[in-house]
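Each chain, written out:
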Amino acid sequence: QVSLVESGGGLVQAGGSLRLSCAAAASRTIFTIKTMAWYRQAPGKQRELVARITSGGDTYYADSVRGRFTISRDNAENMVYLQMNSLKPEDTAVYYCNTLPPLQAYWGQGTQVTVSS
């Protein structure tokens, strides 16, 4: 069983930065073997993959965030992070972490990111 809790969202002006955190309450063995990902859902839009990181640290980014966002993980602490720089109004969304592919039971409340122009 895994519980994921996102935090770090907020209101920021365009061009600003935020760092999101995802705490995974799970056995370390389970967490360290899973590919983890950040997703986001903007109002009226479908949830989309933002970035993912394998257990070995290999990363992938959606075209819309590549070069601005950085995903990382700390397996010792069961944490996943998303550093977001040069934020744009179109980054406004609720951000979630989950495995890749996502598991329904792992969806948390997410953390709201709002970027003002």
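Let me sum up the structure you'll find in this document.

### Describing unusual backbone geometry
And step 1. Following Leu100, the chain continues to Pro101 via a peptide bond in cis, the omega torsion being 0°.
And step 2. Within the secondary structure layout, Pro101 lies in the loop between β9 (93-99) and β10 (111-116).
And step 3. Even without glycine at this site, Asn78 takes up a positive phi of about 55°.
And step 4. By secondary structure assignment, the location of Asn78 is in the loop between β7 (69-74) and β8 (79-84).
And step 5. Taking relative accessible area as the criterion, Asn78 reaches 6% and is therefore assigned buried.
And step 6. If you check the backbone angles, Ser86 has positive phi at about 50° while not being a glycine.
And step 7. Inspection of the secondary structure assignment puts Ser86 in the loop between β8 and β9.
And step 8. Residue class for Ser86 comes out partly exposed when judged on its relative accessible area of 41%.

### Focus on the nonpolar core
And step 1. Formed by 28 residues in total, the largest nonpolar core has its most connected members in Trp38, Val50, Phe69, Ile71, Leu82, Met84 and Tyr95.
And step 2. Sorting the residues of this core by element identifies β3 (18-25), β4 (36-41), β5 (48-53), β7, β8, β9 and β10 as the ones contributing at least two each.
And step 3. For this core, the leading source of residues is β3, giving 4 residues.
And step 4. Non-local contacts of Tyr95, meaning those with residues more than four positions away in its chain, are made with Glu6, Leu20, Trp38, Tyr39, Arg40, Val50, Phe69, Leu82, Met84, Gly110, Thr111 and Val113.

### Considering the state of the cysteines
And step 1. If you walk through the whole model with that rule in mind, you get 1 disulfide.
And step 2. Residue pairing for Cys22: its cysteine sulfur links by disulfide to Cys97, the two sulfurs lying 1.9 Å apart. Handedness here is read from the sign of the S-S torsion; for Cys22 and Cys97, about 60°, the answer is right-handed. On the criterion of sequence distance, the pair formed by Cys22 in strand β3 and Cys97 in strand β9 is long-range, its members being 75 residues apart. Both residues of the pair, Cys22 and Cys97, belong to the buried class.

### As for the pattern of salt bridges
Once the charged atoms of two side chains with opposite charge are near each other, the side chains can pair.
And step 1. According to the stated counting rule, one finds 5 salt bridges in the structure shown.
And step 2. A salt bridge links Asp63 to Arg66; the shortest N-O distance between them is 2.5 Å.
And step 3. Here Asp91 makes a salt bridge to Arg68, at a shortest N to O gap of 2.8 Å. Here the residue Asp91 occupies a position in the loop between β8 and β9, and Arg68 occupies one in the loop between β6 (59-61) and β7, the gap between them amounting to 23 residues. Per residue, the accessibility class of Asp91 equals that of Arg68, and both read buried.

What counts, and at which threshold
Residues numbered from 1 in each chain as written. Predicted model: local features only at pLDDT ≥ 70, side-chain atom pairs only at ≥ 80, totals over all residues. Heavy atoms only, no water. Helix = DSSP H or I, 4+ residues; strand = E, 2+ residues; numbered from the N terminus. Buried < 20%, exposed > 50% of the residue type's maximum accessible area, 1.4 Å probe, protein only. Core = buried A, V, L, I, M, F, W, Y, C linked by side-chain atoms within 4.5 Å. Contact = heavy atoms within 4.5 Å. Disulfide = S-S within 2.5 Å. Salt bridge = Lys/Arg side-chain N within 4 Å of Asp/Glu carboxyl O.

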